[in-house]
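Structural features, examined
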Amino acid sequence: MASETSAMSSAQNVVSSPLEMKGLSPFDHKISMAKRYAHEGVVAGAKAAVVASIATAIPTFACVRTLQWAKYNLNPTAQALVISTVAGAAYFIVADKTVLASARKNSFKDIQA
């Protein structure tokens, strides 16, 4: 008896995938796809920002330790500014390219259909 109620309650808690758009209107489908593409852009941008931060931090810190000019002119605030600027630029460039590529792919799919 207890196994039947647990089986019924687990069947009620099943959530359908966003790709299964059986009961949604075309507008709702487009909204859900736009949210999915935006999320993909955010994830790709975050990955690019992490890589760019590491790729910028290593040479920045190495220059500050080895070059006299950098040692005297790049205080910790300037070093953080250099690294965060590159990370922010990488994030926005990659996120934008990812969203635009998804939109382009989706628009060509609509034309061919």
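This text follows the structure it describes.
Figured I'd write up the structure that's included with this text. (Residues numbered from 1 in each chain as written. Predicted model: local features only at pLDDT ≥ 70, side-chain atom pairs only at ≥ 80, totals over all residues. Heavy atoms only, no water.)

**Some details on the overall build of the protein**
Scanning the protein from terminus to terminus reveals 4 helices and 0 strands. Start at the N end of the protein and walk to the C end: the helices and strands fall as α-α-α-α. Partitioning the intrachain contacts of the protein with sequence separation of at least 6 by distance along the chain shows that 68% fall at a separation of at least 24. Per element, the accessible surface of the protein, about 8600 Å² overall, is 68% carbon and sulfur. (Helix = DSSP H or I, 4+ residues; strand = E, 2+ residues; numbered from the N terminus. Contact = heavy atoms within 4.5 Å. Areas by Shrake-Rupley, 256 points an atom, 1.4 Å probe, with all protein chains shown as cover.)

**Here's the deal with the packing of aromatic side chains**
Two numbers describe a pair of aromatic rings. These are the distance of the centres and the angle of the planes. Applying the stated criterion across every chain yields a total of 1 aromatic pair. Judged by centre distance (5.1 Å) and plane angle (80°), the ring pair of Tyr 91 and Phe 92 falls under edge-to-face. (Phe/Tyr/Trp six-rings, centres within 6.5 Å; stacked < 30°, edge-to-face > 60°.)

**As for the environment of Ala 89**
Secondary-structure assignment places Ala 89 in helix H4 (residues 76-112). Classification of Ala 89 as partly exposed rests on a relative accessible area of 37%. As a C-alpha pair, Ala 89 and Ala 52 span 37 residues in sequence and 9.0 Å in three-dimensional space. (Buried < 20%, exposed > 50% of the residue type's maximum accessible area, 1.4 Å probe, protein only.)

**Quick notes on the side chain of Thr 60**
Following the sequence through the fold, Thr 60 ends up in helix H2 (residues 26-66). Excluding its chain neighbours within four sequence positions, the residues that come into contact with Thr 60 are Gln 79, Val 82 and Ile 83.

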